[in-house]
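A look at the structure
Below, each chain spelled out in residue letters.
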Amino acid sequence: MFRIFLVLFFTCFSVTAQQNKLPIPTKAFIEKLKNKDNPEEEYFTKYLGKKSERILKRFNESKDFCAKEFEFKTGIKLKSDSCSETGSDVEIVFSNYAKSEVIKFVEWFFKTNDNIWNKSKTKYQRKEEGDAGCYFEIRESKNKIILSYYCGC
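Below: a short report on this structure.

Cut-off values and rules
- Residues numbered from 1 in each chain as written.
- Predicted model: local features only at pLDDT ≥ 70, side-chain atom pairs only at ≥ 80, totals over all residues.
- Heavy atoms only, no water.
- Pairing = 2+ DSSP bridges.
- Helix = DSSP H or I, 4+ residues; strand = E, 2+ residues; numbered from the N terminus.
- Axes fitted to C-alpha atoms, helices over the stretch in contact; angles between N-to-C directions.
- Contact = heavy atoms within 4.5 Å.
- Salt bridge = Lys/Arg side-chain N within 4 Å of Asp/Glu carboxyl O.
- Buried < 20%, exposed > 50% of the residue type's maximum accessible area, 1.4 Å probe, protein only.
- Disulfide = S-S within 2.5 Å.

**Section: the sheet that holds strand β1 (residues 50–58)**
One open sheet accounts for 8 strands, arranged β1-β2-β3-β4-β8-β7-β6-β5; its pairing is antiparallel. Bordering the open sheet on either side are β1 and β5 (115–117), each of which pairs with just one other strand. Within the sheet, the average angular offset between the axes of one strand and its neighbour, ignoring direction, is 15°. Strand contacts of helix α3 (residues 39–47): β1, β2 (65–72), β3 (77–81), β4 (87–95) and β8 (144–152), with the helix running at about 30° to β2, the strand carrying the most contacts.

Rendered as structure tokens:
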């Protein structure tokens, strides 16, 4: 019985010990990105290193791209789409990260007095629905956390 307990204890411990931690950005870096359109891309590139980048869509009237997909060295995947005139959609898949790490990420780069968390910390949204701004949602899946958000009018 004691042997089974030890096996279960170390199995659970090894699973939780494998979760990644996000590198803590400097305050100067956070301030630099406060008013940028793509803070997540710059943060992950600087602190995690880019593995791949793929253009998904270009604007019709120019050769500029409006939707991209990235993968970073720790397995984080980022998809951003700013093709709409009203705003942009972003989805980030955090493989082997805890929800608390994703919450910290949102608060580092997007914290505002106009947004609040719901009780389960799965939504970070405007106090007044319908206002222009950013709306965040955290979904949990096996071995990954998915952060989706929309910023716009």
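After presenting the structure, the write-up continues.
**Comments concerning the environment of Ile 146**
Tracing the sequence through the fold places Ile 146 in strand β8. When neighbours within four sequence positions are excluded, Ile 146 is seen to be in contact with Glu 91, Ile 92, Val 93, Glu 137, Ile 138 and Arg 139.

**Some thoughts on the pattern of salt bridges**
Here the structure, examined in full by the defined rule, presents 11 salt bridges. The residue Lys 79 makes a salt bridge to Glu 69 at a minimum N-O spacing of 4.0 Å. With a gap of 10 residues between them, Lys 79 in strand β3 and Glu 69 in strand β2 connect regions that are remote in the sequence. Lys 79 sits in the partly exposed class, given a relative accessible area of 39%. The network of salt bridges with common partners includes Glu 41, Lys 50, Glu 53 and Lys 68.

**Quick notes on the environment of Ile 145**
With respect to the helices and strands, Ile 145 occurs in strand β8. Overall, Ile 145 belongs to the buried group, its relative accessible area being 5%. With 43 residues separating them along the chain, Ile 145 and Val 102 place their C-alpha atoms 7.6 Å apart. Discounting chain neighbours no more than four positions away, the residues touching Ile 145 are Ile 92, Val 93, Phe 94, Tyr 97, Ala 98, Lys 99, Val 102, Ile 138, Arg 139 and Glu 140.

**Here we look at the pairing of strand β7 (residues 133–141)**
Where strand β6 (residues 123–126) lies against β7, 2 bridges are found, and the strand directions are antiparallel. Its bridge partner being in β7, Tyr 124 is matched across the sheet by Phe 136. Joining the antiparallel neighbours β6 and β7 is a turn of 6 residues, in which Gly 130 adopts a positive phi near 95°. Turn length for the β7-β8 hairpin, with the two strands adjacent in sequence and antiparallel, is 2 residues, and the turn residue Asn 143 shows positive phi of about 60°.

**Side note on the state of the cysteines**
Scanning all chains against the criterion turns up 2 disulfides. Residue pairing for Cys 66: its cysteine sulfur links by disulfide to Cys 83, the two sulfurs lying 2.0 Å apart. Its S-S torsion of about 85° marks the bond between Cys 66 and Cys 83 as right-handed, since a negative value means left-handed. Taken together, the residues span a long stretch of sequence, with Cys 66 in strand β2 and Cys 83 in the loop between β3 and β4 at a distance of 17 residues. Since its relative accessible area comes to 4%, Cys 66 is described here as buried. Looking at Cys 83, the relative accessible area reads 21%, which means it is partly exposed. Here Cys 134 pairs with Cys 151 through a disulfide, and the sulfurs are 2.0 Å apart. With the S-S dihedral at roughly 115°, the linkage between Cys 134 and Cys 151 falls on the right-handed side. Here the residue Cys 134 occupies a position in strand β7, and Cys 151 occupies one in strand β8, the gap between them amounting to 17 residues.

By themselves, these figures tell us nothing about what the structure is for.
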